[in-house]
Amino acid sequence: MAAASEGRPISLLPRRDAPGRPPRDGYGVYIYPNSFFRYEGEWKGGKKHGHGKLVFKDGSYYEGQFVDGEIMGEGCQHWASSGNTYWGQFVLGEPQGHGIMQYKAGGRYKGELSHGVREGHGCLVDQDGQVYQGAFHNNKRHGRGHMVFLNGDKYDGNWVRDQRQGHGVLCRADGSTYQGQWHSDVFSGLGSMAHCSGVVYRGMWINGHPAAQATRIVILGPEVMDVAPGTSFSLRVQLQQDDGEVAKSEDGRVLKISAGVRYVQLPAYSEVSFFQVDEDNQEMPIQTPFGFECIAYPLSSPKSGALEPRAALESAGADSPLPKGDLEPVLASDTLRGQEDTPGGLPGEWSWPTGRRWMAQTLRGAWGDSRCPRTQAGKK
């Protein structure tokens, strides 16, 4: 910022300068002819040189070092029009080198500048508190950098003109992680997403969405399975796309299995009993989201010499129909996370444990040793 050559001098030190000229040497005050500038500070050879303060009529000012009449070196400048303030290095009147810019609207930049704009490496905190640390070009995030967003998400990777582009890693606040290619600030190209739910997708992304996303879960096998207490059962699950093709790029979905339990009334002369129910230790009914109440009963193992669960079920057969209206169904749920090496297949195995088990309270009728639970595993 060059000084004007003519004006009305006011020197605070003895001098021999002719009237109407700036102070020659030492310390002095000079008001420029257009009255927009006022300088107070050190002079050398009739030029601002050393430390001084240049004040503008609109309220802006610069205070710092001058060399041969130009703003050069370390200093502080405030712009009245924007309200921004800068502390740092100057070259020929412009912020250049390393410095700190404080923005009136909120936020702060600390790093390298060139011709008054962010250029090089620096750290920017915006007015919302989001933090970016990395490369800048022409005042924009450009190059490699790390960003912490307001919602807790973190991104580390490449930027192009203030947008994530190229390769980068996004760690979301919910625990999900994406690693791969970006374009125009969204997932685009080859990438891998490990979602917080356990789902993992590896493959192509288009405009932020998986190109071969699974849209449905299909259980391979019978619709209904008869399972006796104490025994295990296996299911094979396949993830498919809309066209029926196996979704090979995805795995890790959590499958929730609901097993409907019904109580079969055996003939009065039957001596088969799978569980002994202790009615003296009943607890308060617990409401379920399935429209019925559950009670926790202490259960004991079958008596010695009793039939095996599968044999007992077969002995009930068609001679033991389910009485209508007398019995209440119950749903027991379990979860399984796919562990198969081949994507798209989720094998699982469940078994009914002994000990305490959720059993259904009948609407009417009494518990008896002639009642045995029979499970039906269904899809959900």
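Definitions and cut-offs
- Residues numbered from 1 in each chain as written.
- Predicted model: local features only at pLDDT ≥ 70, side-chain atom pairs only at ≥ 80, totals over all residues.
- Heavy atoms only, no water.
- Helix = DSSP H or I, 4+ residues; strand = E, 2+ residues; numbered from the N terminus.
- Buried < 20%, exposed > 50% of the residue type's maximum accessible area, 1.4 Å probe, protein only.
- Contact = heavy atoms within 4.5 Å.
- Areas by Shrake-Rupley, 256 points an atom, 1.4 Å probe, with all protein chains shown as cover.
- Core = buried A, V, L, I, M, F, W, Y, C linked by side-chain atoms within 4.5 Å.

Chemist: Explain the overall build of the protein to me, using residue names and the numbers behind them.
Modeler: A count of helices and strands for the protein gives 1 helix and 31 strands. Classification of the 380 residues of the protein by burial places 35% in the buried group. Taking as baseline every contact in the protein between residues at least 6 positions apart, the subset at least 24 positions apart corresponds to 34%. Surface summary for the protein: the accessible area is close to 21000 Å², and the carbon and sulfur share equals 51%.

Chemist: Before we move on, could you go through the environment of V186 and cite the residues and values that matter?
Modeler: Tracing the sequence through the fold places V186 in strand 16 (residues 186–194). Separated by 23 residues in the primary sequence, V186 and Q163 have C-alpha atoms spaced 8.8 Å apart. V186 has contacts with Q181, N207 and G208, leaving out every residue within four places of it along the chain.

Chemist: Requested: an account of the nonpolar core, with residues and values cited.
Modeler: Where a protein is soluble and globular, its nonpolar side chains tend to be buried together. Core analysis: the largest hydrophobic core is formed by 28 residues, its most contacted members being Y178 and F187. Here Y178 is in contact with G168, V169, L170, F187, S188, L190, G191, S192, M193 and W205, once residues within four sequence places are set aside. Core analysis: the next-biggest nonpolar cluster, separate from the first, contains 7 residues, V227, F233, V237 and L255 among them.

Chemist: Kindly report on the side chain of R141, identifying the contributing residues and their values.
Modeler: Residue placement: R141 occurs in strand 12 (residues 140–148). Residue class for R141 comes out buried when judged on its relative accessible area of 17%.

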